[in-house]
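Structure assessment
Read off the chains here:
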Amino acid sequence: MHKSRLLELFKALDKSEQRELGKFVRSPAFNQRRDVADLYDYLYLHFPYKDEAIVERSLVFAAIFPDEPFDAAKFDYAMSFLYAVMKEYIVHKEREGDAVGKGILLARALRKRNLPRLFEKEIKSVEKTLENHPYEDAEHHFNAFQLHLEKHIFAKQESRTSMASFKEFSESLTHYFLAKKLWEACTLVTHRAVAKVDAFDQPLIDAVLSLVEQNRYQEVPAINLYYHCYKALTDPDSLRWFEALRTLMRTQHASLPPNEVKDLYLVAINYCIGRSNRGERAFLQEAFELYKEGLATKAFLENNLLSRFTYNNIVLAGLILKDFNWVEHFITEYRDHIELKYRESTYNYNLAIFYFEKPDYEKAMELLQRADFDDLSHNLSARRMLLRIYFEKNEREALSSLITSFKNFIYRHRELGTVPRNGYLNLLKFVNRLLSVDHYDKEAVAQLRDEISKTEQLVEKKWLLEVVGGRFQVSGVSGFRGFRFQGGRFQVSKVSGGSLPKSAGVSMSKRPSGKSTNNSLFVYCPISFLAPCWPCSANNPSKHSFPKIAGGP
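Below you will find a few notes about this structure.

About the criteria used
- Residues numbered from 1 in each chain as written.
- Predicted model: local features only at pLDDT ≥ 70, side-chain atom pairs only at ≥ 80, totals over all residues.
- Heavy atoms only, no water.
- Core = buried A, V, L, I, M, F, W, Y, C linked by side-chain atoms within 4.5 Å.
- Buried < 20%, exposed > 50% of the residue type's maximum accessible area, 1.4 Å probe, protein only.
- Contact = heavy atoms within 4.5 Å.
- Axes fitted to C-alpha atoms, helices over the stretch in contact; angles between N-to-C directions.
- Helix = DSSP H or I, 4+ residues; strand = E, 2+ residues; numbered from the N terminus.
- Parallel < 35°, antiparallel > 145°, perpendicular 65-115°, else oblique.
- Nonpolar A, V, L, I, M, F, W, Y, C, P; charged D, E, K, R; others polar.
- 1 Å grid on protein atoms, 1.4 Å probe; cavity = no way out; pocket = protein on both sides within 12 Å on 5 of 7 lines; lining within 4 Å.
- Points joined across faces, edges and corners; volume = space filled by probe spheres on them.
- Expected span 1.5 Å × (residues − 1).
- Arc of directions from axis to C-beta.

Attention shifts here to the nonpolar core. Among the nonpolar cores identified, the biggest contains 103 residues, and Leu182, Phe330, Ile331, Val431 and Leu464 are the most heavily contacted of them. Apart from residues no more than four positions distant in its own chain, Phe330 is found in contact with Leu295, Leu306, Tyr311, Ile314 and Val315.

Have a look at this one:
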(Lines give C-alpha, C1' and ligand atoms only; values in the text may rest on other atoms or scores of the structure.)
Protein backbone atom coordinates (compact mmCIF):
# COMPACT_ATOMS: atom_id res chain seq x y z
CA MET A 1 0.00 0.00 0.00
CA HIS A 2 3.06 2.28 -0.34
CA LYS A 3 1.60 4.12 -3.34
CA SER A 4 -2.05 4.08 -2.26
CA ARG A 5 -4.15 7.25 -2.17
CA LEU A 6 -4.96 6.42 1.44
CA LEU A 7 -1.34 6.50 2.58
CA GLU A 8 -0.54 9.58 0.49
CA LEU A 9 -3.34 11.54 2.13
CA PHE A 10 -2.61 10.25 5.64
CA LYS A 11 1.05 11.33 5.35
CA ALA A 12 -0.06 14.82 4.30
CA LEU A 13 -1.89 15.36 7.62
CA ASP A 14 0.05 16.84 10.52
CA LYS A 15 0.04 15.08 13.88
CA SER A 16 -2.88 17.06 15.33
CA GLU A 17 -4.96 16.38 12.20
CA GLN A 18 -4.17 12.67 12.33
CA ARG A 19 -5.33 12.68 15.93
CA GLU A 20 -8.52 14.61 15.10
CA LEU A 21 -9.25 12.20 12.25
CA GLY A 22 -9.55 9.46 14.88
CA LYS A 23 -12.67 11.19 16.26
CA PHE A 24 -14.25 11.07 12.81
CA VAL A 25 -13.38 7.42 12.36
CA ARG A 26 -14.96 6.51 15.71
CA SER A 27 -18.09 8.62 15.15
CA PRO A 28 -21.11 6.49 14.11
CA ALA A 29 -22.17 9.41 11.89
CA PHE A 30 -19.17 8.81 9.62
CA ASN A 31 -18.14 5.18 10.19
CA GLN A 32 -19.66 2.06 11.71
CA ARG A 33 -17.07 -0.50 10.61
CA ARG A 34 -14.65 -1.90 13.21
CA ASP A 35 -12.03 -2.90 10.62
CA VAL A 36 -11.84 0.74 9.37
CA ALA A 37 -11.18 1.95 12.93
CA ASP A 38 -8.53 -0.76 13.38
CA LEU A 39 -6.84 0.23 10.11
CA TYR A 40 -6.76 3.88 11.25
CA ASP A 41 -5.26 2.84 14.62
CA TYR A 42 -2.54 0.85 12.86
CA LEU A 43 -1.59 3.74 10.55
CA TYR A 44 -1.61 6.26 13.41
CA LEU A 45 0.44 4.04 15.74
CA HIS A 46 3.21 3.25 13.23
CA PHE A 47 3.55 6.67 11.56
CA PRO A 48 5.95 7.88 10.00
CA TYR A 49 6.78 4.40 8.60
CA LYS A 50 10.58 4.66 8.62
CA ASP A 51 10.65 1.01 7.65
CA GLU A 52 8.52 0.61 4.52
CA ALA A 53 7.83 -3.02 5.37
CA ILE A 54 5.59 -1.82 8.20
CA VAL A 55 2.88 -0.88 5.67
CA GLU A 56 3.07 -3.97 3.49
CA ARG A 57 -0.48 -5.10 2.68
CA SER A 58 -0.12 -8.59 4.11
CA LEU A 59 1.38 -7.31 7.37
CA VAL A 60 -1.32 -4.66 7.87
CA PHE A 61 -4.06 -7.18 7.00
CA ALA A 62 -2.74 -9.58 9.65
CA ALA A 63 -2.89 -6.80 12.25
CA ILE A 64 -6.51 -5.78 11.57
CA PHE A 65 -7.85 -9.25 10.71
CA PRO A 66 -5.94 -11.60 13.04
CA ASP A 67 -6.18 -15.33 12.40
CA GLU A 68 -7.63 -14.77 8.92
CA PRO A 69 -5.94 -15.67 5.62
CA PHE A 70 -5.02 -12.69 3.47
CA ASP A 71 -7.99 -11.48 1.41
CA ALA A 72 -7.08 -8.71 -1.05
CA ALA A 73 -10.67 -7.68 -1.74
CA LYS A 74 -11.52 -7.44 1.97
CA PHE A 75 -8.43 -5.32 2.62
CA ASP A 76 -9.25 -3.04 -0.34
CA TYR A 77 -12.74 -2.46 1.09
CA ALA A 78 -11.30 -1.43 4.46
CA MET A 79 -8.87 0.97 2.76
CA SER A 80 -11.63 2.41 0.57
CA PHE A 81 -13.97 3.07 3.51
CA LEU A 82 -11.20 4.73 5.55
CA TYR A 83 -10.26 6.90 2.56
CA ALA A 84 -13.91 8.01 2.27
CA VAL A 85 -13.96 9.02 5.96
CA MET A 86 -10.70 10.93 5.47
CA LYS A 87 -12.24 12.89 2.58
CA GLU A 88 -15.18 13.84 4.79
CA TYR A 89 -12.70 15.05 7.39
CA ILE A 90 -10.75 17.14 4.84
CA VAL A 91 -13.97 18.83 3.70
CA HIS A 92 -14.85 19.52 7.34
CA LYS A 93 -11.43 21.14 7.89
CA GLU A 94 -11.87 23.34 4.83
CA ARG A 95 -15.30 24.52 5.98
CA GLU A 96 -14.18 25.04 9.55
CA GLY A 97 -12.74 28.53 8.93
CA ASP A 98 -15.44 29.61 6.46
CA ALA A 99 -18.15 31.01 8.71
CA VAL A 100 -19.83 32.88 5.84
CA GLY A 101 -19.91 29.84 3.57
CA LYS A 102 -21.37 27.64 6.29
CA GLY A 103 -23.94 30.29 7.19
CA ILE A 104 -25.10 30.61 3.59
CA LEU A 105 -25.45 26.82 3.28
CA LEU A 106 -27.50 26.74 6.49
CA ALA A 107 -29.70 29.65 5.37
CA ARG A 108 -30.32 27.91 2.03
CA ALA A 109 -31.34 24.71 3.81
CA LEU A 110 -33.72 26.66 6.08
CA ARG A 111 -35.26 28.45 3.09
CA LYS A 112 -35.81 25.16 1.26
CA ARG A 113 -37.58 23.80 4.37
CA ASN A 114 -39.86 26.84 4.39
CA LEU A 115 -38.67 28.14 7.77
CA PRO A 116 -38.80 31.93 7.21
CA ARG A 117 -38.18 33.02 10.82
CA LEU A 118 -35.09 30.84 11.17
CA PHE A 119 -33.92 31.83 7.67
CA GLU A 120 -34.08 35.55 8.39
CA LYS A 121 -32.20 35.17 11.65
CA GLU A 122 -29.42 33.17 9.97
CA ILE A 123 -29.18 35.65 7.08
CA LYS A 124 -28.71 38.54 9.54
CA SER A 125 -25.93 36.60 11.24
CA VAL A 126 -24.21 35.98 7.88
CA GLU A 127 -24.54 39.67 6.92
CA LYS A 128 -22.84 40.70 10.14
CA THR A 129 -20.03 38.16 9.63
CA LEU A 130 -19.52 39.30 6.04
CA GLU A 131 -19.48 42.94 7.09
CA ASN A 132 -16.71 42.23 9.61
CA HIS A 133 -14.64 40.13 7.18
CA PRO A 134 -11.08 41.54 6.96
CA TYR A 135 -10.65 41.17 3.18
CA GLU A 136 -12.45 42.49 0.10
CA ASP A 137 -11.08 39.98 -2.37
CA ALA A 138 -12.99 38.23 -5.14
CA GLU A 139 -14.25 35.55 -2.72
CA HIS A 140 -15.74 38.27 -0.53
CA HIS A 141 -17.79 39.51 -3.49
CA PHE A 142 -18.78 35.94 -4.37
CA ASN A 143 -20.05 35.39 -0.82
CA ALA A 144 -21.95 38.68 -1.01
CA PHE A 145 -23.49 37.51 -4.31
CA GLN A 146 -24.65 34.23 -2.75
CA LEU A 147 -26.02 36.03 0.31
CA HIS A 148 -28.07 38.52 -1.75
CA LEU A 149 -29.16 35.76 -4.12
CA GLU A 150 -30.65 33.80 -1.19
CA LYS A 151 -32.40 36.96 0.01
CA HIS A 152 -33.75 37.59 -3.49
CA ILE A 153 -35.03 34.00 -3.90
CA PHE A 154 -36.65 34.17 -0.44
CA ALA A 155 -38.35 37.49 -1.29
CA LYS A 156 -39.60 36.04 -4.59
CA GLN A 157 -41.16 33.14 -2.69
CA GLU A 158 -43.05 35.64 -0.54
CA SER A 159 -44.08 37.85 -3.48
CA ARG A 160 -43.95 37.05 -7.20
CA THR A 161 -43.25 40.71 -8.09
CA SER A 162 -40.47 41.33 -5.54
CA MET A 163 -37.05 42.46 -6.81
CA ALA A 164 -35.52 42.80 -3.34
CA SER A 165 -31.70 42.34 -3.27
CA PHE A 166 -31.62 41.94 -7.08
CA LYS A 167 -29.40 45.01 -7.55
CA GLU A 168 -27.05 43.91 -4.76
CA PHE A 169 -26.55 40.31 -5.96
CA SER A 170 -26.09 41.52 -9.56
CA GLU A 171 -23.47 44.08 -8.52
CA SER A 172 -21.63 41.57 -6.29
CA LEU A 173 -21.57 39.02 -9.11
CA THR A 174 -20.12 41.66 -11.48
CA HIS A 175 -17.41 42.56 -8.96
CA TYR A 176 -16.53 38.91 -8.51
CA PHE A 177 -16.40 38.25 -12.25
CA LEU A 178 -14.26 41.32 -13.06
CA ALA A 179 -11.79 40.62 -10.22
CA LYS A 180 -11.40 36.96 -11.20
CA LYS A 181 -11.11 37.71 -14.91
CA LEU A 182 -8.38 40.31 -14.32
CA TRP A 183 -6.59 37.93 -11.97
CA GLU A 184 -6.76 35.22 -14.65
CA ALA A 185 -5.42 37.63 -17.28
CA CYS A 186 -2.45 38.61 -15.07
CA THR A 187 -1.72 34.95 -14.36
CA LEU A 188 -1.72 34.05 -18.06
CA VAL A 189 0.58 36.95 -19.02
CA THR A 190 3.03 36.04 -16.25
CA HIS A 191 2.97 32.34 -17.13
CA ARG A 192 3.57 33.12 -20.78
CA ALA A 193 6.63 35.22 -19.90
CA VAL A 194 8.11 32.64 -17.51
CA ALA A 195 7.34 29.47 -19.49
CA LYS A 196 8.11 31.06 -22.89
CA VAL A 197 4.92 29.65 -24.38
CA ASP A 198 2.62 31.02 -27.06
CA ALA A 199 -0.13 33.42 -26.10
CA PHE A 200 -3.35 32.02 -24.67
CA ASP A 201 -6.73 33.16 -25.89
CA GLN A 202 -8.27 35.53 -23.35
CA PRO A 203 -11.92 35.86 -24.31
CA LEU A 204 -13.75 38.88 -22.89
CA ILE A 205 -10.58 40.59 -21.60
CA ASP A 206 -11.05 43.61 -23.87
CA ALA A 207 -14.66 43.93 -22.76
CA VAL A 208 -13.58 43.63 -19.11
CA LEU A 209 -10.94 46.34 -19.50
CA SER A 210 -13.42 48.63 -21.23
CA LEU A 211 -16.02 48.08 -18.50
CA VAL A 212 -13.49 48.81 -15.74
CA GLU A 213 -12.29 51.96 -17.51
CA GLN A 214 -15.84 53.22 -17.99
CA ASN A 215 -17.07 52.59 -14.46
CA ARG A 216 -13.92 53.45 -12.48
CA TYR A 217 -13.75 50.74 -9.81
CA GLN A 218 -11.25 52.60 -7.62
CA GLU A 219 -13.20 51.68 -4.50
CA VAL A 220 -13.07 47.94 -5.24
CA PRO A 221 -9.48 46.88 -4.38
CA ALA A 222 -9.77 43.39 -5.92
CA ILE A 223 -10.59 45.00 -9.29
CA ASN A 224 -8.41 48.11 -9.02
CA LEU A 225 -5.21 46.27 -8.06
CA TYR A 226 -5.45 43.57 -10.72
CA TYR A 227 -6.42 46.12 -13.38
CA HIS A 228 -3.25 48.14 -12.70
CA CYS A 229 -1.25 44.91 -12.50
CA TYR A 230 -2.48 43.83 -15.95
CA LYS A 231 -1.76 47.25 -17.47
CA ALA A 232 1.77 47.25 -16.01
CA LEU A 233 2.36 43.87 -17.62
CA THR A 234 0.92 44.70 -21.04
CA ASP A 235 0.78 48.46 -21.71
CA PRO A 236 3.59 50.05 -23.75
CA ASP A 237 3.71 52.85 -21.16
CA SER A 238 4.17 50.24 -18.44
CA LEU A 239 6.22 52.37 -16.05
CA ARG A 240 3.28 54.72 -15.39
CA TRP A 241 1.08 51.77 -14.51
CA PHE A 242 3.78 50.09 -12.44
CA GLU A 243 4.27 53.23 -10.33
CA ALA A 244 0.50 53.47 -9.81
CA LEU A 245 0.40 49.79 -8.85
CA ARG A 246 3.18 50.34 -6.28
CA THR A 247 1.16 53.15 -4.68
CA LEU A 248 -1.97 50.99 -4.57
CA MET A 249 -0.03 48.08 -3.06
CA ARG A 250 1.00 50.32 -0.17
CA THR A 251 -2.51 51.68 0.44
CA GLN A 252 -4.82 48.77 -0.45
CA HIS A 253 -2.81 45.61 0.23
CA ALA A 254 -4.63 45.03 3.54
CA SER A 255 -7.86 44.52 1.56
CA LEU A 256 -6.58 41.27 0.01
CA PRO A 257 -5.59 38.00 1.73
CA PRO A 258 -1.84 37.32 2.13
CA ASN A 259 -1.63 34.79 -0.73
CA GLU A 260 -2.95 37.37 -3.23
CA VAL A 261 -0.73 40.14 -1.84
CA LYS A 262 2.21 37.77 -2.30
CA ASP A 263 1.24 37.20 -5.94
CA LEU A 264 1.11 40.96 -6.55
CA TYR A 265 4.55 41.40 -4.99
CA LEU A 266 5.98 38.64 -7.17
CA VAL A 267 4.48 40.22 -10.32
CA ALA A 268 5.99 43.59 -9.36
CA ILE A 269 9.35 41.96 -8.62
CA ASN A 270 9.36 40.10 -11.95
CA TYR A 271 8.58 43.37 -13.71
CA CYS A 272 11.61 44.98 -12.04
CA ILE A 273 13.88 42.04 -12.84
CA GLY A 274 12.79 42.14 -16.48
CA ARG A 275 13.75 45.80 -16.76
CA SER A 276 16.96 45.21 -14.83
CA ASN A 277 17.91 42.46 -17.31
CA ARG A 278 17.49 45.03 -20.07
CA GLY A 279 20.16 47.19 -18.45
CA GLU A 280 18.06 49.42 -16.15
CA ARG A 281 20.00 48.69 -12.96
CA ALA A 282 17.87 50.95 -10.75
CA PHE A 283 15.07 48.39 -11.04
CA LEU A 284 17.19 45.77 -9.27
CA GLN A 285 17.24 48.03 -6.23
CA GLU A 286 13.46 48.46 -6.58
CA ALA A 287 13.02 44.66 -6.67
CA PHE A 288 15.13 44.38 -3.52
CA GLU A 289 12.94 46.99 -1.79
CA LEU A 290 9.84 45.01 -2.82
CA TYR A 291 11.32 41.90 -1.22
CA LYS A 292 11.92 43.88 1.97
CA GLU A 293 8.35 45.23 1.93
CA GLY A 294 6.95 41.74 1.38
CA LEU A 295 8.91 40.49 4.38
CA ALA A 296 7.79 43.43 6.55
CA THR A 297 4.11 42.86 5.69
CA LYS A 298 4.58 39.06 6.03
CA ALA A 299 3.17 38.64 2.52
CA PHE A 300 5.84 36.03 1.75
CA LEU A 301 5.06 33.94 4.83
CA GLU A 302 2.49 31.17 4.55
CA ASN A 303 1.78 29.35 7.82
CA ASN A 304 4.85 31.23 9.09
CA LEU A 305 6.98 29.52 6.40
CA LEU A 306 9.01 31.23 3.69
CA SER A 307 9.44 29.47 0.35
CA ARG A 308 13.04 28.36 -0.10
CA PHE A 309 12.93 29.78 -3.63
CA THR A 310 11.95 33.23 -2.33
CA TYR A 311 14.67 32.91 0.35
CA ASN A 312 17.23 32.14 -2.39
CA ASN A 313 16.09 35.03 -4.57
CA ILE A 314 16.23 37.57 -1.73
CA VAL A 315 19.79 36.53 -0.88
CA LEU A 316 20.84 36.71 -4.52
CA ALA A 317 19.33 40.19 -5.04
CA GLY A 318 21.05 41.52 -1.90
CA LEU A 319 24.41 40.06 -2.90
CA ILE A 320 24.24 41.53 -6.41
CA LEU A 321 23.66 44.92 -4.75
CA LYS A 322 26.47 44.13 -2.29
CA ASP A 323 24.31 44.80 0.78
CA PHE A 324 26.32 42.21 2.71
CA ASN A 325 25.33 43.28 6.24
CA TRP A 326 21.59 43.08 5.49
CA VAL A 327 21.95 39.75 3.66
CA GLU A 328 23.94 38.18 6.48
CA HIS A 329 21.27 39.25 8.98
CA PHE A 330 18.46 37.95 6.72
CA ILE A 331 20.08 34.53 6.18
CA THR A 332 20.18 33.96 9.93
CA GLU A 333 16.91 35.65 10.92
CA TYR A 334 14.75 33.76 8.41
CA ARG A 335 16.51 30.41 8.66
CA ASP A 336 13.81 28.93 10.91
CA HIS A 337 11.05 30.06 8.54
CA ILE A 338 12.21 27.60 5.88
CA GLU A 339 10.33 24.29 5.69
CA LEU A 340 12.07 21.87 8.04
CA LYS A 341 13.07 19.26 5.46
CA TYR A 342 14.84 21.91 3.33
CA ARG A 343 16.08 24.13 6.18
CA GLU A 344 19.69 23.05 6.72
CA SER A 345 20.42 22.54 3.03
CA THR A 346 18.95 25.93 2.01
CA TYR A 347 20.61 27.77 4.89
CA ASN A 348 24.07 26.31 4.21
CA TYR A 349 23.72 26.88 0.47
CA ASN A 350 22.90 30.57 0.89
CA LEU A 351 25.57 31.06 3.52
CA ALA A 352 28.07 29.55 1.07
CA ILE A 353 26.94 31.98 -1.66
CA PHE A 354 27.30 34.84 0.83
CA TYR A 355 30.92 33.96 1.63
CA PHE A 356 31.65 33.24 -2.05
CA GLU A 357 30.50 36.70 -3.13
CA LYS A 358 32.17 38.52 -0.23
CA PRO A 359 34.66 36.90 -1.12
CA ASP A 360 35.79 34.56 1.65
CA TYR A 361 36.63 31.43 -0.32
CA GLU A 362 37.85 29.41 2.66
CA LYS A 363 34.51 29.66 4.49
CA ALA A 364 32.53 29.19 1.28
CA MET A 365 34.57 26.11 0.38
CA GLU A 366 34.10 24.61 3.84
CA LEU A 367 30.31 24.96 3.60
CA LEU A 368 30.14 23.68 0.02
CA GLN A 369 32.26 20.63 0.77
CA ARG A 370 30.40 19.51 3.90
CA ALA A 371 26.79 20.37 2.98
CA ASP A 372 24.45 17.80 1.48
CA PHE A 373 22.35 19.53 -1.16
CA ASP A 374 19.34 17.37 -2.03
CA ASP A 375 17.87 20.04 -4.31
CA LEU A 376 19.24 19.60 -7.85
CA SER A 377 19.56 23.33 -8.56
CA HIS A 378 21.42 23.86 -5.26
CA ASN A 379 23.72 20.94 -6.04
CA LEU A 380 24.56 22.30 -9.49
CA SER A 381 25.16 25.79 -8.15
CA ALA A 382 27.35 24.47 -5.31
CA ARG A 383 29.52 22.52 -7.75
CA ARG A 384 29.76 25.58 -9.99
CA MET A 385 31.00 27.72 -7.08
CA LEU A 386 33.54 25.08 -6.07
CA LEU A 387 34.76 24.99 -9.66
CA ARG A 388 35.45 28.72 -9.62
CA ILE A 389 37.06 28.60 -6.18
CA TYR A 390 39.44 25.77 -7.11
CA PHE A 391 40.26 27.58 -10.36
CA GLU A 392 41.01 30.88 -8.68
CA LYS A 393 42.99 29.25 -5.88
CA ASN A 394 44.95 27.24 -8.51
CA GLU A 395 44.12 23.95 -6.80
CA ARG A 396 44.53 21.92 -9.97
CA GLU A 397 44.27 18.44 -8.50
CA ALA A 398 40.99 19.24 -6.73
CA LEU A 399 39.75 21.04 -9.84
CA SER A 400 40.51 18.10 -12.11
CA SER A 401 38.71 15.71 -9.76
CA LEU A 402 35.71 18.04 -9.51
CA ILE A 403 35.44 18.37 -13.30
CA THR A 404 35.25 14.58 -13.62
CA SER A 405 32.66 14.14 -10.85
CA PHE A 406 30.68 17.15 -12.08
CA LYS A 407 30.46 15.68 -15.59
CA ASN A 408 29.29 12.31 -14.21
CA PHE A 409 26.70 14.09 -12.05
CA ILE A 410 25.29 15.89 -15.10
CA TYR A 411 24.99 12.68 -17.13
CA ARG A 412 23.46 10.84 -14.17
CA HIS A 413 20.63 13.35 -13.74
CA ARG A 414 18.59 12.77 -16.86
CA GLU A 415 15.84 15.07 -15.63
CA LEU A 416 18.05 18.00 -16.60
CA GLY A 417 16.84 19.45 -19.88
CA THR A 418 19.02 19.59 -22.97
CA VAL A 419 19.77 23.31 -22.64
CA PRO A 420 21.00 23.29 -19.01
CA ARG A 421 22.92 20.03 -19.59
CA ASN A 422 24.75 21.55 -22.55
CA GLY A 423 25.36 24.75 -20.59
CA TYR A 424 27.18 22.92 -17.79
CA LEU A 425 29.07 20.56 -20.10
CA ASN A 426 30.33 23.54 -22.11
CA LEU A 427 31.44 25.22 -18.87
CA LEU A 428 33.55 22.17 -17.96
CA LYS A 429 34.96 22.00 -21.48
CA PHE A 430 36.11 25.63 -21.44
CA VAL A 431 37.59 25.42 -17.94
CA ASN A 432 39.69 22.49 -19.18
CA ARG A 433 40.72 24.60 -22.18
CA LEU A 434 41.72 27.50 -19.91
CA LEU A 435 43.97 25.18 -17.94
CA SER A 436 45.78 23.96 -21.06
CA VAL A 437 45.92 27.03 -23.32
CA ASP A 438 49.24 28.82 -23.76
CA HIS A 439 48.47 32.24 -22.35
CA TYR A 440 51.38 33.80 -24.24
CA ASP A 441 49.96 32.59 -27.54
CA LYS A 442 47.82 35.56 -28.53
CA GLU A 443 46.15 33.71 -31.38
CA ALA A 444 45.18 30.76 -29.16
CA VAL A 445 43.78 33.08 -26.47
CA ALA A 446 41.84 35.11 -29.06
CA GLN A 447 40.42 31.93 -30.59
CA LEU A 448 39.33 30.66 -27.17
CA ARG A 449 37.69 33.98 -26.36
CA ASP A 450 35.88 33.90 -29.70
CA GLU A 451 34.60 30.35 -29.10
CA ILE A 452 33.32 31.27 -25.65
CA SER A 453 31.56 34.37 -27.02
CA LYS A 454 29.82 32.39 -29.78
CA THR A 455 28.65 29.52 -27.54
CA GLU A 456 25.00 30.16 -26.68
CA GLN A 457 24.39 27.35 -24.19
CA LEU A 458 27.05 28.16 -21.60
CA VAL A 459 26.85 28.53 -17.83
CA GLU A 460 29.17 31.20 -16.27
CA LYS A 461 29.80 32.74 -19.69
CA LYS A 462 30.49 36.19 -18.25
CA TRP A 463 33.07 34.83 -15.81
CA LEU A 464 34.83 32.78 -18.51
CA LEU A 465 35.09 35.85 -20.75
CA GLU A 466 36.50 37.87 -17.85
CA VAL A 467 39.10 35.20 -17.18
CA VAL A 468 40.23 34.79 -20.77
CA GLY A 469 40.10 38.52 -21.50
CA GLY A 470 41.48 39.91 -18.26
CA ARG A 471 45.20 39.99 -19.11
CA PHE A 472 47.78 41.59 -21.37
CA GLN A 473 51.53 41.50 -21.71
CA VAL A 474 53.55 43.89 -19.52
CA SER A 475 57.07 44.79 -20.52
CA GLY A 476 59.78 46.37 -18.42
CA VAL A 477 58.93 44.52 -15.22
CA SER A 478 61.98 43.86 -13.08
CA GLY A 479 62.90 42.36 -9.77
CA PHE A 480 59.88 40.12 -9.20
CA ARG A 481 60.06 36.39 -8.72
CA GLY A 482 56.30 35.69 -9.11
CA PHE A 483 52.74 36.64 -8.36
CA ARG A 484 49.44 35.00 -7.47
CA PHE A 485 45.78 35.94 -7.30
CA GLN A 486 44.23 36.02 -3.85
CA GLY A 487 41.02 37.57 -2.59
CA GLY A 488 40.54 39.90 -5.56
CA ARG A 489 44.21 41.03 -5.76
CA PHE A 490 47.48 39.92 -7.25
CA GLN A 491 50.20 39.43 -4.67
CA VAL A 492 53.54 40.17 -6.35
CA SER A 493 56.62 38.91 -4.53
CA LYS A 494 59.81 40.98 -4.91
CA VAL A 495 63.37 39.72 -5.16
CA SER A 496 64.96 43.09 -4.61
CA GLY A 497 64.12 46.64 -5.54
CA GLY A 498 61.39 45.57 -7.96
CA SER A 499 59.20 48.08 -9.71
CA LEU A 500 56.55 48.32 -12.35
CA PRO A 501 56.62 50.96 -15.09
CA LYS A 502 53.72 53.47 -15.21
CA SER A 503 52.90 52.21 -18.68
CA ALA A 504 51.87 48.89 -17.22
CA GLY A 505 48.46 50.34 -16.39
CA VAL A 506 48.38 48.80 -12.89
CA SER A 507 48.66 50.33 -9.46
CA MET A 508 50.59 49.19 -6.43
CA SER A 509 49.03 49.43 -3.03
CA LYS A 510 49.60 48.53 0.59
CA ARG A 511 48.26 45.37 2.21
CA PRO A 512 44.52 45.40 3.00
CA SER A 513 45.37 46.15 6.64
CA GLY A 514 47.05 49.37 5.55
CA LYS A 515 50.53 48.20 6.55
CA SER A 516 53.27 48.29 3.97
CA THR A 517 55.54 45.33 3.37
CA ASN A 518 59.02 44.81 2.01
CA ASN A 519 58.46 41.53 0.28
CA SER A 520 55.17 41.96 -1.55
CA LEU A 521 52.94 44.50 -3.22
CA PHE A 522 49.24 44.13 -4.03
CA VAL A 523 47.79 44.85 -7.43
CA TYR A 524 44.01 45.31 -7.22
CA CYS A 525 41.96 43.59 -9.87
CA PRO A 526 38.23 44.12 -10.45
CA ILE A 527 37.61 40.65 -11.89
CA SER A 528 38.12 37.02 -10.99
CA PHE A 529 41.42 35.99 -12.59
CA LEU A 530 43.96 33.26 -12.02
CA ALA A 531 47.62 33.88 -12.80
CA PRO A 532 48.49 30.66 -14.64
CA CYS A 533 52.25 31.07 -14.48
CA TRP A 534 52.83 31.30 -10.72
CA PRO A 535 55.45 30.59 -9.56
CA CYS A 536 57.24 31.96 -12.60
CA SER A 537 60.82 32.38 -13.58
CA ALA A 538 62.67 35.51 -12.48
CA ASN A 539 64.84 35.13 -15.57
CA ASN A 540 62.03 36.27 -17.85
CA PRO A 541 59.95 38.80 -15.90
CA SER A 542 58.70 40.56 -19.04
CA LYS A 543 56.35 37.63 -19.71
CA HIS A 544 54.12 38.37 -16.69
CA SER A 545 50.46 39.13 -17.50
CA PHE A 546 48.57 41.66 -15.40
CA PRO A 547 45.00 42.95 -15.63
CA LYS A 548 44.77 46.37 -17.21
CA ILE A 549 43.21 48.56 -14.54
CA ALA A 550 43.65 52.07 -13.28
CA GLY A 551 43.64 53.02 -9.63
CA GLY A 552 42.86 50.97 -6.55
CA PRO A 553 39.84 48.90 -5.56
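Let us now look at the packing of helix α15 (residues 308-320) against helix α17 (residues 340-357). The N-to-C vectors of α15 and α17 enclose an angle of 10°; their axes lie 11 Å apart at closest approach. Judged by the inter-axis angle, α15 sits roughly parallel to α17. Touching Arg308, Tyr311, Asn312, Val315 and Leu319 of α15 are Tyr342, Thr346, Tyr347, Tyr349, Asn350, Ile353, Phe354 and Glu357, all from α17. Across the contact of α15 with α17, the residue classes tally to eight nonpolar, three polar and two charged.

Okay, the layout of surface pockets next. What the second largest pocket holds in volume is close to 680 Å³. The wall of the second largest pocket is formed by 22 residues, among which Lys93, Glu94, Gly97, Asp98 and Glu139 lie closest to the centre. A class-by-class count of the residues in the lining of the second largest pocket yields seven nonpolar, seven polar and eight charged.

Once that is clear, we can look at helix α22 (residues 442-454). For α22, spanning 13 residues, the distance from its first C-alpha to its last is 18 Å, which sits close to the expected 18 Å at 1.5 Å a residue. Listed in full, the buried residues belonging to α22 are Val445, Leu448 and Ile452. Around the axis of α22, the buried residues are gathered within 65° of arc, so they sit on the same side. Of the exposed residues in α22, those oriented more than 90 degrees away from the buried face are Lys442, Glu443 and Lys454. Elements in contact with the buried residues of α22: α21 (418-436) and α23 (461-469).

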